[in-house]
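The residues making up each chain are set out below.
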Amino acid sequence: MYATSCATNPEILSRETSSSEMLVDSFGRFHNYLRISLTERCNLRCQYCMPAEGVELTPNSELLSHDEIIRIANIFVTSGVDKIRLTGGEPTIRKDIEDICLHLSGLKGLKTLAMTTNGIVLSKKLPKLKECGLNALNISLDTLVPAKFEFMTRRKGHSKVMESIDAAVELGYNPVKVNCVIMRGMNDDEICNFVELTRHKPINRQNYKGVERLQDHPTDTAKNFRIDGHVGTISFITSMTEHFCAGCNRLRLLADGNFKVCLFGPSEVSLREPIRAGVDDAGLKEIIGAAVKRKKAKHAGMFDIAKTANRPMIHIGG
């Protein structure tokens, strides 16, 4: 259903043999990890993410359809991508999320289908999502205090997120990764409380002895640690103070079909427009490959990034 429309063309077949070159940038980095934003909508209004009134959303007609998402994902997977993460906005509020997971998980060569979610509606949907092939999970939670949760997100729902974390553990996700954005004066006093979550649950999050530094994969964004007696682990991401650009293997597909090679860079190229103009898979690969080749060695420094024109994170999808 999603095979290239030019598969019988000898010229295209010859390109297929070296299709992985599409994912190699000019610095030799091979990109096998694609993050796909499914929607710009979210059911929370986290203070560090967007204003209380929300942000201007892209019209639905300009967002990628189910078939367009699967077609683009298939191009990436047949070229060497073996991990896809679904993001948003909040991906679980997309009505066809289960069907998208089912088709993505069926792509030959894909090893990991992950999702980053705020967990508000996850607990009820997770059994079906797991059946449809979702095999890795990150749940965002910035505080363990219900009242503070409501203040930070401008919405109720702390208990629902905790239910989703427990549901994920019960369904066998291991680890269940809990993402926490630490903010000075807001939730930095809860770090040890988050660490306590890892004691009896396989959750990934100096009052603790026996802290062991774990071996990180070259493409890991996090520095990983284990504490004696704890089932889970803790990790720290320091993308500004200690960037990990040299091992970056990530690419991003935004909900509106724009392709982004660096989270912190403003450069984007549309894949939706050429698709709707009738460009075939070979043409899309040329567009993708050219964008990957233009990827810079590293992103700008912290203060330069603040001055760079970039879209809101809710549009990018993280």
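In this convention, every chain numbers its residues from 1, walking through the sequence in written order. Given that this is a predicted model, residues contribute local features only at a pLDDT of at least 70 and side-chain atom pairs are listed and counted only at 80 or more, while totals for whole chains, interfaces and linings are drawn from all residues. Based on all heavy atoms of the structure, the side-chain values leave hydrogens and waters out of the count.

Q: Before we move on, could you go through the confidence of the model for the protein chain and cite the residues and values that matter?
A: Summarising the model, the protein chain shows a mean pLDDT of 86, and 84% of its residues fall at 70 or more. On a range of 0 to 100, pLDDT expresses the predictor's confidence in each residue. Contacts were defined at the residue level, with two residues in contact if any of their heavy atoms lie within 4.5 Å. Contacts of residues 1–18 to residues separated by more than four positions or lying in other chains number 19 contacts, the stretch itself having pLDDT below 50.

Q: So what's going on with the pairing of strand 4 (residues 136–140)? Which residues, and what values?
A: Type-normalised accessible area, obtained with a 1.4 Å probe on protein chains alone, sets the label of each residue: buried when under 20%, exposed when over 50%, and partly exposed for intermediate values. Secondary structure elements follow DSSP: runs of H or I no shorter than four residues count as helices, runs of E no shorter than two count as strands, and numbering proceeds from the N terminus. Within strand 4, four of the five residues are buried, which leaves it mostly tucked inside the rest of the structure. Pairing between strand 3 (residues 112–117) and strand 4: four bridges, direction parallel. Its bridge partner lying in strand 4, Ala-114 is registered against Ala-136. Crossover connection from strand 3 via helix 4 (residues 122–131) to parallel strand 4: handedness right-handed. With three bridges joining them, strand 4 and strand 5 (residues 176–179) adopt parallel strand pairing. Directly across from Asn-138, in strand 5, lies its bridge partner Lys-177. Strands were regarded as paired on the criterion that DSSP finds at least two bridges between them. Looking down the strands as they point away from the viewer, one classifies a crossover as right-handed if the path from the first strand across the helix to the second runs clockwise.

Q: Now, about the packing of helix 3 (residues 97–105) against helix 4: what can you tell me, with residues and values included?
A: To get an axis, a line is fitted to the C-alpha atoms, and for a helix only the part in contact is used. The angle between two axes follows their N-to-C directions and goes from 0 to 180 degrees. Contact pair helix 3 / helix 4: the axes reach a minimum separation of 9 Å and the direction vectors enclose 25°. Between helix 3 and helix 4, the crossing angle belongs to the class labelled roughly parallel. Considering the relative orientation of helix 3 and helix 4, their crossing is right-handed. Counting all contacts with helix 3, which are made through Ile-97, Glu-98 and Cys-101, the residues of helix 4 involved are Lys-125, Lys-128 and Leu-129. Looking at the contact of helix 3 with helix 4 residue by residue, the classes come out as three nonpolar, no polar and three charged. Put simply, angles under 35 degrees are roughly parallel, angles over 145 are roughly antiparallel, angles from 65 to 115 are roughly perpendicular, and the rest are oblique. A clockwise turn of the near helix away from the far one marks a right-handed crossing, whereas an anticlockwise turn of less than a right angle marks a left-handed crossing. Under this grouping Gly is polar, as are all residues other than the nonpolar Ala, Val, Leu, Ile, Met, Phe, Trp, Tyr, Cys and Pro and the charged Asp, Glu, Lys and Arg.

Q: Go over helix 3, please, and point to the residues and values.
A: Along helix 3, the positions that sit buried rather than exposed are Ile-97, Glu-98, Ile-100, Cys-101 and Leu-104. The arc enclosing the buried residues of helix 3, seen along the axis, measures out at 160°, which places them on a common side. Elements that come into contact with the buried residues of helix 3 comprise helix 2 (66–78), strand 2 (83–87), strand 3 and helix 4. The directions from the helix axis to the C-beta atoms form the arc being described.

Q: Outline the packing of aromatic side chains, supporting the account with residue identities and numerical values.
A: What counts as a ring pair is set by centres within 6.5 Å for rings of Phe, Tyr and Trp (its six-membered ring), and what kind of pair is set by the plane angle: stacked under 30 degrees, edge-to-face over 60, tilted for all other angles. Summed over the entire model, instances satisfying the criterion amount to one aromatic pair. The ring of Tyr-33 has Lys-83 lying over it, and the distance from NZ or CZ to the ring centre is 4.5 Å. The ring of Phe-225 has Arg-213 sitting right over it, with the charged end atom 5.1 Å from the ring centre. Each ring is checked for a lysine NZ or an arginine CZ that lies within 6 Å of its centre and within 35 degrees of its normal; such an atom marks a charge sitting over the ring.

Q: Give a description of the environment of Arg-276 that names residues and reports values.
A: Counting through the fold element by element, Arg-276 comes out in helix 8 (residues 272–276). Classification of Arg-276 by relative accessible area gives partly exposed; the value is 42%. Ignoring any residue separated from it by four or fewer positions in sequence, one finds Arg-276 in contact with Ser-61, Glu-62, Leu-63, Leu-64, Ser-65 and Glu-68.

Q: Could you give an account of the nonpolar core, with specific residues and numbers?
A: Among the buried residues, those of types Ala, Val, Leu, Ile, Met, Phe, Trp, Tyr and Cys that are joined through side-chain atoms within 4.5 Å form a nonpolar core. Ile-36, Phe-76, Ile-84, Leu-86, Leu-104, Leu-137 and Phe-259 are the most contacted members of the largest nonpolar core, which has 56 residues in total. The leading source of residues in this core is helix 2, at seven residues. When near neighbours in sequence (up to four residues on either side) are disregarded, Ile-84 contacts Leu-34, Ile-36, Ala-73, Val-77, Leu-104, Leu-110, Thr-112, Leu-113 and Ala-114.

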